[in-house]
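# Coordinate inspection notes
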Amino acid sequence: MASNLDEEIEDLRARVTTLKKQLRVHASTLITAPSTRQLLSSAPQPDKPTTTLTLPTHSNQTRSQTEAQAHQKNLLADALAQQQAHAQQCLYRTCATLTTFRARDPDPRAVDGGAILGLRIEVVSRARFLRPYYVLLNRPFPSSRHHLRVHRHTLPPCIPMAGLAVRYLAPPPTPTPSGSGGEQRRVEEKKKQRSRQDLAKFARALRREVVRYHHRLGVVADLRNAAGIGRAGYGDQEEEEGEKGDSEGRPSNRLVDISPADAEAKHLSIEWADGRTGRLVMGDDGEIVKLVVLGENGRDYEAARGLLGGAVRIEDVVKRLAALR
Amino acid sequence: MARISVPTTARLPSSLRVDPTNPAATKILSRLSRSSLISVALDWLDEINLPQASPYLRQDEDEDEDEDEVDDFYPPARSLEELRDIYTSLQARKGSKREVLERITEGDWRHGLTLYQLAMADLQYLYDHPTSQKWSAYRIMPLKPPRDPDGEEPPEIDRQSLTIPRFHPSTFLKTLQSQVLPDVKAHYNFDAHKSLPLLILRIFILDSPYNTNHAMQQSTTSTTAFDSSRTVYIAFPDASPHVFISKPQTTTTVNNPGSNSNPRTGDGRRGGGEGVGVGVGVGGEARSLRNLLVEGIPKALSRPLRRQRFALQSTSLVTRNLAELVHRRGGGRANSAGAGWSVYYRTDDDDSRKTRETPLDLVLPSPPLSEQETQSPAVAGTGGGKRSAPLPVVASAEERREERAAKRARLVARARFAGTAVMGDGKGVERVDVVIEDPFPEVGEQHQDEDGLDKENTVERVEATGRKGRRRKKSRVDEASRGAAEDEDGDVRSEERGEEGAQGWRPYVRLTFHGSHVFAGIRQLVESGIIDGERMPGWMTGEEGVTIGAVRNGRIRGHKGSGV
């Protein structure tokens, strides 16, 4: 009985959330529709369809009614403005893929009053927008207000963010104790040169690294697909089948596993069904740097040639594997 | 077995057998619960592990020996299948742990347990008791000539700063082996963690120059050579340039009978200078071995031929909780966006946030906290439906204010901690040490400033052991105790004066937070309104991801936490 009631409550709650979501979707669809916008921009009359959204008001008091109408009008205008702003932001995020925003550090002792400049890096992988990466910058240097520093970020450790930050967002020069001589001055000069920050370059370089990383991951997935390695679990089953019956294919030189072997997904470890293992090293942009295949008797150059077939880029290998299959 | 034992630098082979009566072996096994013991035994009998864990089976030809074994309490099984069936049936029925343990040591593995088996059993214990080891996290950094001990100055710009260290288990092991001294033998065992993206390397150190049975025989006479404090675990998180190294258990002499029974080694080496106890002596020795290993790790990771040399840098995170380590130093996005910043990567709390992330979704996002606000009464309703229903009717002004304050406290806690630091999330640190280096606020200063610093100059000890049993002691460093404290901390003060000039008096204030989940405890205090969440400094939310830190100007000093 009690469990029944609980289930019912759960169901109702789930329905409430879905309805709420639907309501939000409909509201934003309605408000972005051109006709609605037209209605709103050209002085809207009280008994338009928009009044269905009205709040309950006292009916027969004309003064309060007009007030309420004005209030509603304001609300609608606000909603419209918000929606438009959001649409614009989405457009920028979609097309520019590198956007900034302002945030506030909740820490009461944060530097610079908690002002935060956020970088948002969009990543598209397999025709989908992934969760963006964020870099949050602050200005901790009291001596120079224009120097930024990376405060927080959500980049995985395989992106060399720290190195890029040192390169493009160098801290302002610290006033060194005065010394004399050309050496000292040259060092100062160098330091000054170093301390010039370039947020745009930083953001571009960072985005480049992120996109490269995701492309490499994507290419690994493509390779797996092309080699017919499928998802985990499925592969094992296929392997067993292959050993038993499917011998008219290529049972011995079939690939059984391709997986990234390091954090940056630049090294791929490759396994064949007959126990040979290989390691493919690719460059930043997917060019093949090296491939080593080890068989039972040391290096297996033939298998390496067989896999690459003169390919220069990893995508060529994908095509090759797909064609061979 | 080889007749002659020659001292070599090779590692101990996995197939090396240890006498099952060896105290270390029995200790490792008896730590396990009955069910884990059986599952480990079944694992040993698995096809993959069998070559290195073969049980004692009856041979068909020696029929005549049967008479001798009539009174054998655990007659050897005829086949592996039979043995597997025996253990599966043991698994099904109830019984004592003793029964299984004796069956293993006196029956099926009477001829000895291999080091591999012991490693498996030990790792099983680690999985059963995930908090049994204390881990410290290190970052693998490109090796640079030392420039600045504080690490405040940024490293030199070159291509090296963009390389991410790479890790290859077998190469690593080979190089690590060559780093370890030849008079120490170690057994290495890699295992992938069952639930976390970790590769665990168990290093079992033996104080013997031999890598044959001689090493074992020596160890039966002096048990310290075979001590659990000589087991070092190194965990490599997937796709992350960090390593986690376990600390030897120096204080827990309770589950360490070897160290108790043998005071000779500890005192002999260290001359009893510590005078603290035997456990410390042995622990100290083990620590030096560990230091040797820790020094060896970056060298083993380095590849001099490629001109890539690495060093380990401490990241000030020490905890027993591997999940927390993986969360804060793993391959994900959470490494330098802790506490409140986690809104920027969290996926798992509510779907309103998930939809917000893709730019193709034109639905206007609701502010992150408004959704929670509407849900919280519903959540409260699940607990006490009867109470929450009549509440709005009889609520007086006082109650309503309280209600509002509580709600506000909850919201503030949510803003500061976001989805992290929740009691049951399994990602808690047990101890946080913070040293405050801020100057004492002037008495004549404005009221606001003093209030702001007041919190930091109080000594707080928060016990976050669940709902109850929480204790909070707040002792203000007041005018009266100034004189005394000044005398004690004279050195510190003068040292820092030289740095900062006449900035005022700096008391030596050190805070230790201790509990099962420190930051969840602080969050609970914020939620219940004991700590003012809006004025709470950021390091109390755990957003830096460190457990040891120095606070200056209300912030954790240096760059160690934020990853840059």
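Residues numbered from 1 in each chain as written. Chains lettered and ligands numbered in written order. Predicted model: local features only at pLDDT ≥ 70, side-chain atom pairs only at ≥ 80, totals over all residues. Heavy atoms only, no water.

Chain B is annotated in an unreviewed UniProt entry as Centromere protein Chl4/mis15/CENP-N of Corynascus novoguineensis.

As recorded by an unreviewed UniProt entry, chain A carries the name Cenp-O kinetochore centromere component-domain-containing protein and is attributed to Corynascus novoguineensis. Here is the UniProt Sequence similarities (unreviewed entry) comment for chain A, exactly as written: "Belongs to the CENP-O/MCM21 family." (UniProt positions renumbered as here; feature names shortened; annotations may be inferred.)

A count of helical and extended segments in chain B gives 20 helices and 14 strands. In chain B, buried positions account for 48% of the 564 residues. Surface accessibility of chain B: about 27,600 Å² in total, with carbon and sulfur atoms responsible for 51%. (Helix = DSSP H or I, 4+ residues; strand = E, 2+ residues; numbered from the N terminus. Buried < 20%, exposed > 50% of the residue type's maximum accessible area, 1.4 Å probe, protein only. Areas by Shrake-Rupley, 256 points an atom, 1.4 Å probe, with all protein chains shown as cover.)

All names here are of chain B. Summed over all chains, the structure comprises 25 salt bridges over all chains. The salt bridge partner of Asp433 is Arg431, with a shortest N-O separation of 2.9 Å. Given the relative accessible area of 13%, Asp433 is considered buried. The residue Asp532 makes a salt bridge to Arg535 at a minimum N-O spacing of 4.0 Å. Judged by relative accessible area, which is 44%, Arg535 ranks as partly exposed. (Salt bridge = Lys/Arg side-chain N within 4 Å of Asp/Glu carboxyl O.)

Here we take up the pairing of strand β9 (residues 277–282) of chain A. Residues and elements named next belong to chain A. On β9, burial follows the alternation: Gly278, Leu280 and Met282 on one face are buried, whereas Thr277, Arg279 and Val281 on the facing-out side are not. The pairing of strand β8 (residues 267–272) with β9 spans five bridges and is classified as antiparallel. Within β9, the residue paired with Leu268 across the bridge is Leu280. The hairpin formed by β8 and β9 contains four residues between the paired strands, and Gly275 there has a positive phi angle of roughly 95°. In terms of strand pairing, β9 meets strand β10 (residues 288–295) through six bridges, oriented antiparallel. Residue pairing in the sheet places Met282 in a bridge with Ile288 of β10. As consecutive antiparallel partners, β9 and β10 are separated by five residues, and within that stretch Gly286 has a phi angle of approximately 90°, a positive value. (Pairing = 2+ DSSP bridges.)

This next bit is on the environment of Arg208(A). Residue and element names in this part refer to chain A. In this structure, Arg208 sits in helix α6 (residues 199–226). Look at Arg208 and you get partly exposed, because its relative accessible area is 48%. Taking C-alpha positions, Arg208 is 9.9 Å from Asp285, a pair spaced 77 residues apart along the chain.

Turning our attention to unusual backbone geometry. The backbone of Thr97(A) sits at a positive phi, close to 55°, despite the residue not being glycine. Residue classification places Thr97(A) among the buried positions, given a relative accessible area of 11%. For Ser316(B), which is not glycine, the phi dihedral falls at a positive 55°. Mapping Ser316(B) onto the fold places it in strand β8 (residues 310–319).

All names here are of chain B. Counting residues in hydrophobic clusters, the biggest one holds 37 residues, and the most contacted among them are Trp135, Phe244, Ile522, Val526 and Trp539. Examining the composition of this core, we find that five residues originate from one element, helix α20 (residues 518–527), more than from any other. Those residues in contact with Val526 that sit more than four places away from it in its chain are Ala409, Val412, Ala413, Phe417, Ile531, Gly533 and Met536. Listed in part, the 34 residues of the second largest apolar core include Ile28, Leu42, Leu90 and Leu118. (Core = buried A, V, L, I, M, F, W, Y, C linked by side-chain atoms within 4.5 Å. Contact = heavy atoms within 4.5 Å.)

All names here are of chain A. Read from one edge of the open sheet, five strands run β7-β8-β9-β10-β11, paired in antiparallel fashion. Each edge of the sheet is formed by a strand with only one pairing partner; in this case those strands are β7 (255–260) and β11 (298–299). Against the sheet, α6 makes contact with β7, β8 and β9, and its axis sits at roughly 175° relative to β7, the strand it touches most. Where helix α8 (residues 301–308) meets the sheet, it contacts β7, β8, β9, β10 and β11, and its direction lies at approximately 135° from that of β10. (Axes fitted to C-alpha atoms, helices over the stretch in contact; angles between N-to-C directions.)

A word on the packing of aromatic side chains. Enumeration over the complete set of coordinates arrives at nine aromatic pairs over all chains. Seen in terms of ring centroids, Phe101(A) and Tyr134(A) are 5.7 Å apart; in terms of plane orientation they differ by 85°. Their pairing is edge-to-face. With a gap of 33 residues between them, Phe101(A) in strand β1 (residues 98–104) and Tyr134(A) in strand β5 (residues 133–138) connect regions that are remote in the sequence. Each member of the pair, Phe101(A) as well as Tyr134(A), carries the same accessibility label: buried. With a centroid separation of 6.2 Å and an interplanar angle of 50°, the aromatic rings of Trp135(B) and Tyr233(B) are classed as tilted. Here Trp135(B), found in strand β3 (residues 134–142), pairs with Tyr233(B), found in strand β6 (residues 231–237); they are 98 residues apart in sequence, far enough to count as distant. The burial state of Trp135(B) is the same as that of Tyr233(B); both residues are buried. (Phe/Tyr/Trp six-rings, centres within 6.5 Å; stacked < 30°, edge-to-face > 60°.)

Residues and elements named next belong to chain B. Here six strands make up an open sheet; going across it, the order is β4-β5-β6-β7-β3-β8 and the pairing antiparallel. Across the chains shown, the open sheet's two edge strands, defined by having one partner strand only, are β4 (185–192) and β8. Strand after strand, the sheet turns through a mean of 25° between neighbouring axes, direction not considered. Across six bridges, the pairing between β3 and strand β7 (residues 242–247) is antiparallel. Paired with Arg139 across the bridge in β7 is His242. Relative to β8, helix α11 (residues 322–329) is tilted by about 125°, and along the sheet it contacts β3, β5 (198–206), β6, β7 and β8.

It helps to recall that an α-helix has 3.6 residues per turn; residues three or four apart then point in one direction. Residue and element names in this part refer to chain B. In terms of burial, α20 is largely enclosed, as nine of its 10 residues are buried. Within the sequence span of α20, burial applies to Val518, Phe519, Ala520, Gly521, Ile522, Arg523, Gln524, Leu525 and Val526. Once α20 ends, the next one or two residues include Gly529, with phi positive near 85°.

Residues at a pLDDT of 70 or more form 78% of chain A, whose mean pLDDT is 77. With pLDDT under 50 throughout, residues 44–54 of chain A is counted as low confidence; its partners more than four residues away or in other chains account for seven contacts. (pLDDT = per-residue confidence, 0-100.)

With that settled, consider a negative patch on the surface. All names here are of chain A. On the surface, a cluster of negative charge is made up of Asp6, Glu7, Glu8 and Asp11. Within the secondary structure, Glu7 sits in helix α1 (residues 2–32). For Glu7, a relative accessible area of 48% puts it in the partly exposed group. (Patch = residues over 30% accessible without salt bridge, like charges linked within 9 Å, V, L, I, M, F, W, Y side chains within 5 Å. Lys, Arg positive; Asp, Glu negative; His and termini not counted. Charge placed at Lys NZ, Arg CZ, Asp CG, Glu CD.)

Before going further, it helps to spend a moment on the packing of helix α2 (residues 34–44) of chain B against helix α3 (residues 80–92) of chain B. Two numbers describe a pair of packed helices, the interaxial angle and the distance between the axes. Residue and element names in this part refer to chain B. Contact geometry of α2 with α3 gives a least axis separation of 10 Å together with a crossing angle of 160°. In terms of orientation, α2 lies roughly antiparallel with respect to α3. The handedness of the crossing between α2 and α3 is left-handed. Facing Arg34, Ile38, Ala41 and Leu42 of α2, the residues of α3 in contact are Arg84, Tyr87, Thr88, Leu90 and Gln91. Taken together, the residues that form the contact of α2 with α3 break down as five nonpolar, two polar and two charged. (Parallel < 35°, antiparallel > 145°, perpendicular 65-115°, else oblique. Left-handed = near helix turned anticlockwise from the far one by under 90°. Nonpolar A, V, L, I, M, F, W, Y, C, P; charged D, E, K, R; others polar.)

All names here are of chain B. Across six bridges, strand β9 (residues 431–436) lies against strand β12 (residues 509–514) in antiparallel orientation. Of the residues in β12, the one forming a bridge with Ile436 is Val509. Sheet topology note: the β9/strand β13 (residues 548–552) ladder contains four bridges and is parallel. Paired with Val434 across the strands is Gly549, a residue of β13.

For the rest of this paragraph, the subject is the environment of Pro173(A). All names here are of chain A. Among the secondary structure elements, Pro173 is positioned in the loop between α4 (161–168) and α5 (182–194). Owing to a relative accessible area of 37%, Pro173 belongs among the partly exposed residues under this scheme. Considering only alpha carbons, one finds Pro173 and Arg196, 23 residues apart in sequence, at a separation of 9.4 Å.

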